[in-house]
Every structure is written in structure tokens, then in C-alpha cells.
Amino acid sequence: MADTLTYKILRRHLIAGELTPGTDITVRPDQILIEDATGTMAAMQFEELGIDTVQVPLAVMYVDHNVLQIDDKNMQDHRYLRTFCDKFGLRYSPAGHGISHYIHLERFTKPGELVLGADSHTSTAGAVGMFATGAGGLEVAVAMGGYGFDFPCPRVIGVELVGRLRNAVEPKDIVLEILRRYGVRGGRGAVFEFYGPALAQLSTSGRATIANMIIETGATTAVFPSDEQTRQWLTQQGREEDFEPLTADDDATYDETIEIDLSELVPLVAVPHSPGNVLPVAELPDTPISQICVGSSVNSSYDDLATVAAALRGHTVHPRVAMTVTPGSRQILRTIVESGVYQDLMQAGARMLEPVCGPCVGIGQAPLQGAASLRTFNRNFPGRSGTAEDQVYLCSPSTAAASALTGRITDPSDRPAIEIRPAQAPDTGMHDLMITDRLPDDVRAGIVVERGPNLVSPPLPEPVSDNLQARVLINVGDDISTGDMAPDGAIAMSVWSNIALCAKFMFTRHDPNFHDRAREWGGGVIVAGDNYGQGSSREHAALIPVYLGVRVIAAKSYARIHRRNLIAAGIAPLVLPTDAPAFDVGQHWSIIGLRQALLDGNETITVEVSDHVEPITLTIDLTAGERTVLAAGGLLAHIREGGRAHLLEPVPA
């Protein structure tokens, strides 16, 4: 059988189902990645499973989001997560050690393996021939407990890379080009698999940039072959023994193919307020900027920072521009110090930040209202920066550096070619000092998990009722992000361990009265447009509606991870017709026979809506497995009732 690389890796890990796009499959992960922002919910839900140890070969918890510590809530999280890891057999990376995706790329990635992460950008690990995908915390907890990861089998889009990148055109421009073609919805249900003669010129960190940001198309992940670039990366990290050459079969067929001629690419930028709003930098109107931020999980490698430093060397940042630089890990921080890159950036006037997520999730460096902020980040959703009326543009490190000198968004391709400083050999032993080992079983047995008062287990949903009588709580438009439901920023994220407090922030950008209305009405229905729930894997965006009494969402379409999070939380994601009428807040909905429709496999259900003469028909677009989970009252209830129990097995030796 001729396989794509994607299906080769999935086939190695397949424990239920068939590799047919859209059908239910269950795979067994080799690795679990969790970060602190989503980690507290994942950990508390793992405890609900009643399992005394993780049932995967490797599970790592990274503290990289909630590290500002404006009060003691962040440290409550850290103490809980550290003792949770000690108790249940995870490894733990402390605050300040680095961003989860970069540390994992450096320390744990291994060609041919499958990593599941409670963070949407887990896809970064696809740079080294892994299948790497994000999911909600409960799905990750269940997989960590040995029950496997269940999801609809993706289709595979083959991306052939030909040609050669021109001066100042970077891997970030490749993924921006894909976003220009596909937007933020075109990749849903797909894996982008890369091949072609131009691959050899893309370093592993460059591939990681593409794999990280491919998620913004709505895709499941990206997969690169494991080749000589992979071998070099693993050798630099002291892990050459982990290398395995992996490519698609020569006669593999893809569900769709595209070609990107790198020699035709130009510097690109995503303009506010979506990663899919992509334009050539040269076609942008004259755009003065007040801020530049370099770093985040997508562009904080040594090569990225050295590129910016080389362009700035001997110059200073424009006086009207505030510039920050964030290394991806402590290893990268030490390397830029020893290589002279740190000094170049400092002398140019950049502020150097510690290796954490920081401004990427609105924790620090909030920009001026209405003023352009140019960032090498992966998302520019409204308000994500910490400023409600922000104007965030996304670009490559070369574009950021050229713009830092001129004070306006500038095409770097006409500037002279630069030469980056060669990197000193990285200190690979630093990870062994900073990341805890899995404790022996006899030691773990005596560990007491420390849970502060802000650590509150999420609500457990009731099974889907047969008859629903509810009012429309809110009607929002297209491309609503999970950040609109569980906002970013130091204050909102500090209560992500407590759904009741977190709920007060839901939809505040759209309707400040939403929370109080939902509490007063005892729940209701949320109505939305296309691509509802795009962006982050944060399951808080599903757990908050459970807490507020929401049992049904009606949207024209859903983002992949959020749709699964709704199902795992026991909320039915029903699909509105494309020509659905406008619905007003307060309109009464009557849905009769919903639970039975799920059990019977019905494809539609009728809704009676007040003030509408004709009933509305909603589509029930669910796989058989998803219907079973919903009918049980969510994934945790499904597991407790014996679902997937046959998959539970001890940790492999």
C-alpha cells in the first residue's frame, strides 16, 4: 500500500478505525505535551479518571504562559502542577525555562512518533517527521490515561516546494502564502504534508515555523519528512540516535496537491485582524508602527533572532518604535549570548524578554490603541495582544528588522543580504538540569498534590436532554475565536483554573452583559456564524458554557479543536443552514427529541423558534463515536461508563 508520510505515522499508532478521511480513528500517542494555561484543567480532569500514573511513555508539563504572577494565583497553579507531575509520573519544565514548543523540539521530538498536546501549536513538532496535533485538555487527559486519542481521520494535502527563496524571504512567508491561499477555514479536516526538491534548504527551525502556524488555516497539523536536515538538528541537540529517515512512498497519492515556487514568493504580512488576511508587504499602504515584537513559539529560534540582529547590527531601532525580543528557550538565550547576537540586539535598542509566551498571549507589551504593532507571532485576533482596539500585523523576522529601522512596515527584499553570526554549540545539558525526571513509583506514592483555593475542578455536564426549551443568549458572527470566550491576558488567564471566575470574561468584547444574562436565564443557546471557535485549544471556551447552562451551540461551521471540545464537554454543536435567518437575543427555541436523534443517527433536527413562522432545520454533523460521547454526557462520563476501556494498558517498557 502506497502511503503518504502522514498515514505511515498514523498507521503505526492506529488502534481502532480505518484511515478513511472523516471516519473515527483512535491512535495511541507516544508523547503528551501540556502547558500551564491549559494544564490545570487537563490535570484536574486526569485526577477524575482515578488512574495512579500516566499511561504513555513520555508526558511533559511546561510552565510558559501564566508567569507574570501579579498575585498568588499563578504560583498556586505552578505548585499544583509541580506536585501533580511528581505524583502521576510527568516531567516538569519550570517557568522561565522556555516556551513549550521550542523546548519539546529541542529535547523530545523523535521522527515517526505521535505527540498529542493540550495546545493548538503542538503541531510545531511536525517539523521533524512526527504527527503532532493539539486537542482540548480533557481529550489529552484521557489519552494520557491510556485510552487513546479519538478523532476524525484527516485528509492529506500534499505541498510540493520547488525553487529557491530569494533574499529576505523566509519560511514565515511560506506559511503566510498558504494562509493567503486557504484563509483560516480552508485547512479544516486536513494535514499539510510537505515534499519536493526545495525542502533541503529549509532548516528544522524554519520547518517548525511553518508547522506551528499551519494551524491558523484550521488544519489538524503539518508533517515534514525526516531527512538530512532532521539528522543535523538531532545531532546538534545531542540526540542523533533518535534519527530515523522517513518520507512518503514514491507513488503516494494525496487528496489534494499544491505547488509553491519559493523563487516567486515575496515578503508577506497578515493585516488586522486575522492570520488569513495576507498581503505582500510592498502592496501595503504606508503604515507607521509604534511597536515591534520578535519571538513567540513561531519565530524565536536562534536563526530568527540572529537574522534580526544581523540586520540591526551597527544601527539603532527607530526612536518612535518600542522593540522587544523573546528567545524560545533558555538554550536559545544562552546561545545568543555566547554568539554575540544578544549584544547586537541590546546595542540596537531592543528590550530582551525572558523565554516565555509573554506578549503573544497578551501578557505584557500591550500596544497602543489603534496604533500598528508589527509582530513575528502566529495570531492577530482582536484583543489578543491585551489591547481591545489593537492593530496587530504578523510578519517574518526579516520584515520586522527592516521595519524597526524605518519606523514603518517595510519590504526587506531590496536591502543588502545579511550574514548571521554562526551559532555557538548549544548547551544541551541545560534541559537535564531544569526538567524534572519521572520519580520512582515508591516515591510518587507518598506525594500529596498541592491544590490552592483557585484550583477548582470543572463542572460535570448532565447528559443531553431529549427536549430543550431555551432562549438565544447571544448571536455572534464569523471567525469567533476561543479568545473571545476565554480571553488572553494576565488577569483573565490567571483564573483559568477556576471556571466560575473565568466565566465572567466570556464574550465581554462582544456583549459585557452576556455572563449575567446567562446566569439569570439559567442557560440558553449560543448562535454563531462560520468557523466558530477558531484558534487556541483552550477548553475553557467549552467548559464556561457548561457552567452557564448552555447545552446547544448553533453555528454555520466550527473550528476543529473547539468542536471536539464542545462534544467532550457534553454540548451539542449543531449546524445552521447557510441561509438561516437572523436570530435575536431572547428568542425562544424549542428542540424536541435531541437525545433520541443522536442515538438514532438522525442527520437533522427541527427547531421551533418564536417569531418565526417556519421551523428551522439544523444539521447533526457528527460521527458515530461523537454521538456516543454526547449521549453519555461528555467524554469523562463516556469513559466512566466503560468507553474505550478495552484500550487501557500499562505504560510501555
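About the thresholds
Throughout this document, residue positions are counted from 1 along each chain, in the order its sequence is written. The predicted nature of this model means local features are confined to residues of pLDDT at least 70 and side-chain atom pairs, given and counted, to a pLDDT of 80 or more, with totals for whole chains, interfaces and linings taken over all residues. Calculation of side-chain values draws on the structure's entire complement of heavy atoms; hydrogens and water are dropped beforehand. Elements are defined by DSSP. Helices are runs of H or I of four residues or more, strands are runs of E of two residues or more, and each kind is numbered from the N terminus. The rule is simple: take the accessible area with a 1.4 Å probe, protein chains only, and divide by the maximum for that residue type; under 20% is buried, over 50% is exposed, in between is partly exposed. Contacts are assigned to residue pairs that have any heavy atoms within 4.5 Å of one another. Any two strands between which DSSP finds at least two bridges are classified as paired. With axes taken as lines fitted to C-alpha atoms, and helix axes fitted only over the stretch in contact, angles between N-to-C directions fall between 0 and 180 degrees. Two cysteine sulfurs form what is called a disulfide whenever their separation falls within 2.5 Å. Within the patch definition used here, like charges are joined within 9 Å and nonpolar side chains (Val, Leu, Ile, Met, Phe, Trp, Tyr) within 5 Å, considering only residues with over 30% relative accessible area and no salt bridge. Note on areas: Shrake-Rupley with a 1.4 Å probe; residue coverage comes only from the protein chains shown. A carboxyl oxygen of Asp or Glu within 4 Å of a side-chain nitrogen of Lys or Arg is what we treat as a salt bridge. Side-chain atoms within 4.5 Å are what join buried Ala, Val, Leu, Ile, Met, Phe, Trp, Tyr and Cys residues into a set we call a nonpolar core. For Phe, Tyr and Trp, where Trp contributes only its six-membered ring, two rings pair if their centres lie within 6.5 Å, and the inter-plane angle classes them as stacked under 30 degrees, edge-to-face over 60, or tilted in between. Criterion for a charge above a ring: Lys NZ or Arg CZ within 6 Å of the ring centre, and within 35 degrees of the ring normal.

J.: It is not clear to me how the side chain of Ser-300 should be interpreted in this structure. Could you clarify?
T.: Tracing the chain through its elements places Ser-300 in the loop between β15 (289–294) and α9 (302–312). Take Ser-300: its relative accessible area is 0%, and that puts it in the buried class. For Ser-300, the contacting residues outside a window of four places in its chain are Ile-99, Tyr-102, Gly-295, Leu-305, Thr-326, Pro-327, Gly-328 and Ile-332.

J.: Honestly, the sheet that holds strand β6 (residues 114–117) in this entry has me stumped. Any pointers?
T.: The strands making up a sheet associate through hydrogen bonds between their backbones, and the pairing can be parallel or antiparallel. If you trace the five strands from one edge of the open sheet to the other, you get β5-β4-β3-β6-β7, paired in parallel fashion. For this open sheet the edge positions go to β5 (91–93) and β7 (131–134), each flanked by a neighbour on one side alone. The sheet shows a mean angle of 20 degrees between the axes of neighbouring strands, direction not considered.

J.: So what exactly am I meant to see when it comes to the environment of Thr-253 here?
T.: Summarising the element assignment, Thr-253 is placed in the loop between α8 (228–236) and β12 (256–261). Considering only alpha carbons, one finds Thr-253 and Arg-91, 162 residues apart in sequence, at a separation of 39 Å.

J.: How do you make sense of the sheet that holds strand β1 (residues 14–17) when you look at a structure like this?
T.: The three strands are arranged β1-β2-β8 in an open sheet whose pairing can be described as antiparallel. Both outer strands of the open sheet, β1 and β8 (149–152), are each paired with one neighbouring strand and no more. Across the sheet, the axes of successive neighbouring strands diverge by a mean angle of 25 degrees, strand direction being ignored. As paired elements, strand β2 (residues 24–27) and β8 share four bridges and run antiparallel to each other. Across the sheet, residue Val-27 finds its bridge partner in β8, namely Phe-149. In the packing of helix α1 (residues 5–13) onto the sheet, contacts are made with β1, β2 and β8, and the angle to β1 comes to roughly 95 degrees.

J.: Whenever I open this one, the environment of Ser-557 confuses me. Can you help?
T.: Mapped onto the secondary structure, Ser-557 falls in the loop between β22 (550–555) and α20 (560–568). Residues Ser-557 and Asp-530, 27 residues apart in the sequence, show an inter-C-alpha distance of 4.6 Å. When residues no more than four places from it in sequence are discounted, the contact partners of Ser-557 are Arg-188, Gly-529, Asp-530, Asn-531 and Tyr-532.

J.: Please clarify how the state of the cysteines should be interpreted in this entry.
T.: Simply put, disulfide is the name for a covalent bond between the sulfur atoms of two cysteines. Under the definition given, this model contains zero disulfides. The thiol of Cys-395 is not disulfide-bonded; the next cysteine sulfur, from Cys-293, is found 10 Å away. By relative accessible area, Cys-395 is classed as buried at 0%.

J.: Would you mind showing me how to read a nonpolar patch on the surface here?
T.: Judged by side-chain polarity, Leu-68, Ile-70 and Ile-491 come together as a nonpolar surface patch covering roughly 310 Å² of accessible area. Tracing the sequence through the fold places Leu-68 in the loop between β4 (58–62) and α3 (73–88). Taking relative accessible area as the criterion, Leu-68 reaches 47% and is therefore assigned partly exposed.

J.: Quick question: what am I supposed to make of the side chain of Asn-74 here?
T.: You can see Asn-74 is positioned in helix α3. For Asn-74, a relative accessible area of 4% translates into the label buried.

J.: What exactly am I supposed to notice about α20 here?
T.: Count 3.6 residues to each turn of an α-helix, and residues three or four apart come out pointing the same way. With respect to burial, α20 is a largely interior element, nine of its nine residues being buried. Along α20, the residues classified as buried are Arg-560, Ile-561, His-562, Arg-563, Arg-564, Asn-565, Leu-566, Ile-567 and Ala-568. Where α20 ends, the next residue or the one after it, Gly-570, has phi of about 85 degrees, a positive value.

J.: Is there a simple way to think about the nonpolar core in this case?
T.: Nonpolar side chains in soluble globular proteins tend to end up buried together. By size, the foremost hydrophobic cluster in this structure holds 124 residues, and its most contacted members are Leu-90, Met-144, Phe-507, Tyr-532 and Trp-589. If one sorts the elements of this core by residue count, helix α5 (residues 137–147) sits on top with seven residues. In contact with Phe-507, other than residues within four places in its own chain, are Ile-474, Val-476, Ile-480, Asp-484, Met-485, Pro-512, Phe-514, Ile-526 and Tyr-532. With 51 residues, the next largest nonpolar core counts Met-130, Val-269, Val-308 and Cys-395 among its residues.

J.: What is the right way to look at the packing of aromatic side chains in this model?
T.: Pairs of aromatic rings are described using the distance from one ring centre to the other and the angle between the two planes. For the structure shown, the criterion picks out 12 aromatic pairs. Between Phe-507 and Phe-514, the ring centres sit 5.0 Å apart and the planes meet at 90 degrees, which makes this aromatic pair edge-to-face. Neither residue differs from the other here; Phe-507 and Phe-514 are each classed as buried. Ring pairing ties together the aromatic residues Phe-46, Tyr-80, Phe-84 and Phe-88, which thus form one cluster. The side chain of Arg-471 reaches across the aromatic face of Trp-521, ending 3.9 Å from its centre.

J.: Teacher, can you tell me more about the pattern of salt bridges here?
T.: Pairs may arise between side chains of opposite charge once their charged atoms sit close together. A complete count under the given rule lists 33 salt bridges for this structure. With a closest N to O distance of 2.9 Å, Asp-249 and Lys-8 form a salt bridge. Taken as a pair, Asp-249 in the loop between α8 and β12 and Lys-8 in helix α1 lie far apart in primary sequence, 241 residues in all. On the accessibility criterion, Asp-249 (23% relative accessible area) is partly exposed. The partly exposed category is assigned to Lys-8, whose relative accessible area is 26%.

J.: How do you make sense of the environment of Val-184 when you look at a structure like this?
T.: Looking at the element boundaries, Val-184 is found in the loop between α6 (171–182) and β10 (190–195). Those residues in contact with Val-184, other than ones at most four positions away along the chain, are Glu-216, Thr-217, Gly-218, Ser-274, Pro-275, Gly-276, Asp-479, Asn-531 and Gln-534.

J.: For this particular structure, what's the right way to read the pairing of strand β24 (residues 588–592)?
T.: For a regular strand, the rule is simple: side chains alternate between the two faces of the sheet. As defined by bridge partners, strand β20 (residues 467–475) adjoins β24 across five bridges and the pair is classed as antiparallel. From the neighbouring strand, Asn-467 faces β24, where its bridge partner is Ile-592.

J.: What exactly am I supposed to notice about the pairing of β20 here?
T.: For β20 and strand β21 (residues 524–528), the ladder comprises three bridges, and the chain directions are parallel. Each residue of the ladder has a partner; that of Asn-475, found in β21, is Val-527.

J.: How do you make sense of unusual backbone geometry when you look at a structure like this?
T.: Among all residues except glycine, the phi angle is most often negative; among peptide bonds, the trans geometry is most common. Residue Pro-272 is joined to His-273 through a cis peptide bond whose omega torsion reads 5 degrees. Take His-273: it is sitting in the loop between β13 (268–270) and β14 (278–280). The phi torsion at Ser-296 lies on the positive side, around 80 degrees, for a residue other than glycine. Here Ser-296 is to be found in the loop between β15 and α9. Taking relative accessible area as the criterion, Ser-296 reaches 2% and is therefore assigned buried. In this structure, Phe-507 takes a positive phi of about 60 degrees despite not being glycine. As for its position among the elements, Phe-507 is in the loop between α17 (499–502) and α18 (514–521). Its relative accessible area of 0% is what places Phe-507 among the buried residues.

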